[in-house]
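Letter by letter, the chains look like this.
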Amino acid sequence: MVSKRYILPFALITACFALWGFANDITNPMVKAFSKIFRMSTTDGALVQVAFYGGYFAMAFPAAMFIRKYSYKAGVLMGLGLYAFGALLFFPAKMTGLYYPFLLAYFILTCGLSFLETSCNPYILTMGREETATRRLNFAQCFNPLGSLCGMFVAMNFIQARLNPLDTTARAGLSEEDFEMVKAADLSVLMEPYLIIGIVIAIIFLLILFTKMPMEERMETGGEHLDFLPTLRRLLRCPRYRYGVIAQFFYVGAQIMCWTFIIQYGTRIFLNEGLTEIEAEVLSQRYNIIAMAIFCCSRFVCTFFLKYIDAGELLAILAAVAAVLTCGVIFFTDIRGLYCLVAISACMSLMFPTIYGIALVGVGDDAKLGAAGLIMAILGGSVLPALQASIIDMPDFTWFPSVNASFALPFICFVVIAVYGIGTTPKGRMTY
């Protein structure tokens, strides 16, 4: 899969996949955490995801132009620098005691992640033959969920479990003075892991800065002129790419919805079983970790199957199964629905890198800008979870919980992905 010449760069860049996985999945449980800490609705708490994935959207094309002018390594260093800076901003945000400075910190942090993903994904694709590019990217992406598992573990054990055990109702009844004391203590708990990861990222920045990363001429993009509009027109004339951006938008939205709101989904079930709110939240996060472990294992298995099954066909099969499981999430109102929600992660494992690889097949050097468009599609993780949160905040529909109804949105997403997968199979019509 990888040219011998690029073993070291491949290892270093693959490590970055774990780093942004950590950031993504320490953040998902923060929607619930911030909602409790600041006594907000789920919709207001979901602004964390708006800020987080908004940074991806805002910085994707600037990152592509920066990489085009300088190099992949420069893009990685810029990404790591912004990542570390955003994480360290949690300290002044905590000192203000306000919600919106945290959103700014998340936005800057994910501007860095946008640089990382815009640099690392096409970099990995170039490290070998084009026929093995999708498999190579899937292999590198296998390390992303390992970072995600670490992020979930830290969120559960070092944030959620250490927050003040007062539930939402009890917090609402606190006096203003008591509320400020509880909030300050909880924000200190929340801040600490981000400061530590900021320091770790700064160290990794220095390691990569002083490591020579040999790259062949076609990977050194320094000084190239970017014909933005002609390149964009060529990309948009390619159905695989055009619809790939749309599919990626819906995939990222589905992934973030399934992982963010598993806590709200599970908490409702476990509260009905007699657990306290904090116990229900921590137990729900354990199910989220199980989902990520399944996601991680499934990534390796699906990467193996790509040797024998066309990427588009496997994508369509997995999306169809995910849609069926989402129906179980919607219509089961007990633990069976949570099992279905956990199982969806096995289907999602292949989707991001496969859509990414399929969309860039045949675009040649336009992949440098095309990669930015696919990273911008991560905006789905900002838009769709906020919409789902607004549904969750609605009153329950008589016998039907609103949190269950909200999973109609991921169902629609998986249908869109299945259609894209079918269209990119050898018998499909979505050729270059």
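Residues numbered from 1 in each chain as written. Predicted model: local features only at pLDDT ≥ 70, side-chain atom pairs only at ≥ 80, totals over all residues. Heavy atoms only, no water.

Undergrad: An account of the packing of helix α1 (residues 7-27) against helix α11 (residues 176-209) is needed here, citing residue identities and associated values.
TA: Interaxial distance between α1 and α11 falls to 12 Å at its minimum, and their mutual angle equals 165°. Relative to α11, the element α1 is oriented roughly antiparallel. Remark: the crossing between α1 and α11 carries left-handed chirality. For the pair α1 and α11, contact is made by C16, L19, F22, I26 and T27 and by P193, Y194, I197, I201, I204 and I208, respectively. The class makeup of the residues in the contact of α1 with α11 is 10 nonpolar, one polar and no charged. (Axes fitted to C-alpha atoms, helices over the stretch in contact; angles between N-to-C directions. Helix = DSSP H or I, 4+ residues; strand = E, 2+ residues; numbered from the N terminus. Parallel < 35°, antiparallel > 145°, perpendicular 65-115°, else oblique. Left-handed = near helix turned anticlockwise from the far one by under 90°. Contact = heavy atoms within 4.5 Å. Nonpolar A, V, L, I, M, F, W, Y, C, P; charged D, E, K, R; others polar.)

Undergrad: Which residues make up the environment of L116, and what are the values?
TA: Tracing the chain through its elements places L116 in helix α7 (residues 100-125). Owing to a relative accessible area of 0%, L116 belongs among the buried residues under this scheme. Here the alpha-carbon distance between L116 and E192, two residues 76 residues apart in the chain, equals 23 Å. (Buried < 20%, exposed > 50% of the residue type's maximum accessible area, 1.4 Å probe, protein only.)

Undergrad: Give me the lowdown on the pattern of salt bridges, citing residues and values where you can.
TA: This model, assessed by the stated rule, comprises seven salt bridges. Here E281 ties to K36 by a salt bridge, and the two come within 3.5 Å at their closest N and O atoms. A residue pair is termed long-range when its members are at least 10 positions apart, and E281 in helix α15 (residues 277-305) and K36 in helix α2 (residues 30-37) qualify at 245 residues. With relative accessibility at 4%, the residue K36 sits in the buried group. E180 is paired through a salt bridge with K183; the nearest N and O atoms lie 3.2 Å apart. Of this pair, E180 and K183 both sit in helix α11, separated by three residues, roughly a single helical turn. The class for E180 is partly exposed, based on a relative accessible area of 34%. (Salt bridge = Lys/Arg side-chain N within 4 Å of Asp/Glu carboxyl O.)

Undergrad: Any chance you could break down the layout of surface pockets for me, citing the residues and the numbers?
TA: By volume, the largest pocket amounts to about 680 Å³. As for the largest pocket, its lining consists of 33 residues, and the residues nearest its centre are L125, E130, A133, L360 and V361. Elements with a contribution of two residues or more to the lining of the largest pocket: α7, α8 (133-141), α16 (311-331), α18 (351-359) and α19 (367-376). In terms of residues, the lining of the largest pocket owes the most to one element, α8, which gives four residues. Looking at side-chain class alone, the lining of the largest pocket contains 13 nonpolar, 10 polar and 10 charged residues. Counted as a void, the second largest pocket has a volume near 440 Å³. Forming the boundary of the second largest pocket are 21 residues, of which K32, T42, Q264, I392 and D393 lie nearest the centre. Sorting the residues of the lining of the second largest pocket by element identifies α2, α10 (168-172), α14 (262-272) and α21 (402-405) as the ones contributing at least two each. Of the residues forming the lining of the second largest pocket, the biggest block, four residues, is contributed by α14. (1 Å grid on protein atoms, 1.4 Å probe; cavity = no way out; pocket = protein on both sides within 12 Å on 5 of 7 lines; lining within 4 Å. Points joined across faces, edges and corners; volume = space filled by probe spheres on them.)

Undergrad: Which residues make up unusual backbone geometry, and what values do they have?
TA: A negative phi angle characterises most non-glycine residues, just as the trans form characterises most peptide bonds. Within the chain, R39 stands out as a residue other than glycine whose phi angle is a positive 55°. Residue placement: R39 occurs in the loop between α2 and α3 (42-45).

Undergrad: Can you explain empty space enclosed by the protein? Please cite residues and give values.
TA: Applying the stated criterion across every chain yields a total of three cavities of 30 Å³ or more. By volume, the largest cavity is sized at about 160 Å³. N24, E117, N144, Q255 and F352 are the residues nearest the centre of the largest cavity, which is lined by 16 residues in total. Class assignment of the residues belonging to the lining of the largest cavity gives a composition of eight nonpolar, five polar and three charged.

Undergrad: Lay out the side chain of K32 in plain terms, naming residues and giving numbers.
TA: Of note, K32 is situated in helix α2. Excluding anything up to four places from it in sequence, K32 contacts I263, Q264, E277 and E281.

Undergrad: Before we move on, can you summarise the confidence of the model for the protein with the specific residues and values?
TA: The predicted model of the protein has a mean per-residue pLDDT of 86, with 95% of residues at 70 or higher. Confidence, expressed as mean pLDDT per element, reaches its minimum in the protein at α8 with 77 and its maximum at helix α17 (residues 335-348) with 96. Throughout residues 216-223 the model reports pLDDT below 50, and contacts reaching past four residues in sequence, or to other chains, amount to 25 contacts. (pLDDT = per-residue confidence, 0-100.)

Undergrad: Talk me through a nonpolar patch on the surface; I want residue IDs and the actual numbers.
TA: The grouping of L88, I199, I203 and L207 at the surface amounts to a nonpolar patch, some 370 Å² of accessible area in total. With three residues, α11 is the largest single contributor of residues to the nonpolar patch. Inspection of the secondary structure puts I199 in helix α11. (Patch = residues over 30% accessible without salt bridge, like charges linked within 9 Å, V, L, I, M, F, W, Y side chains within 5 Å. Areas by Shrake-Rupley, 256 points an atom, 1.4 Å probe, with all protein chains shown as cover.)

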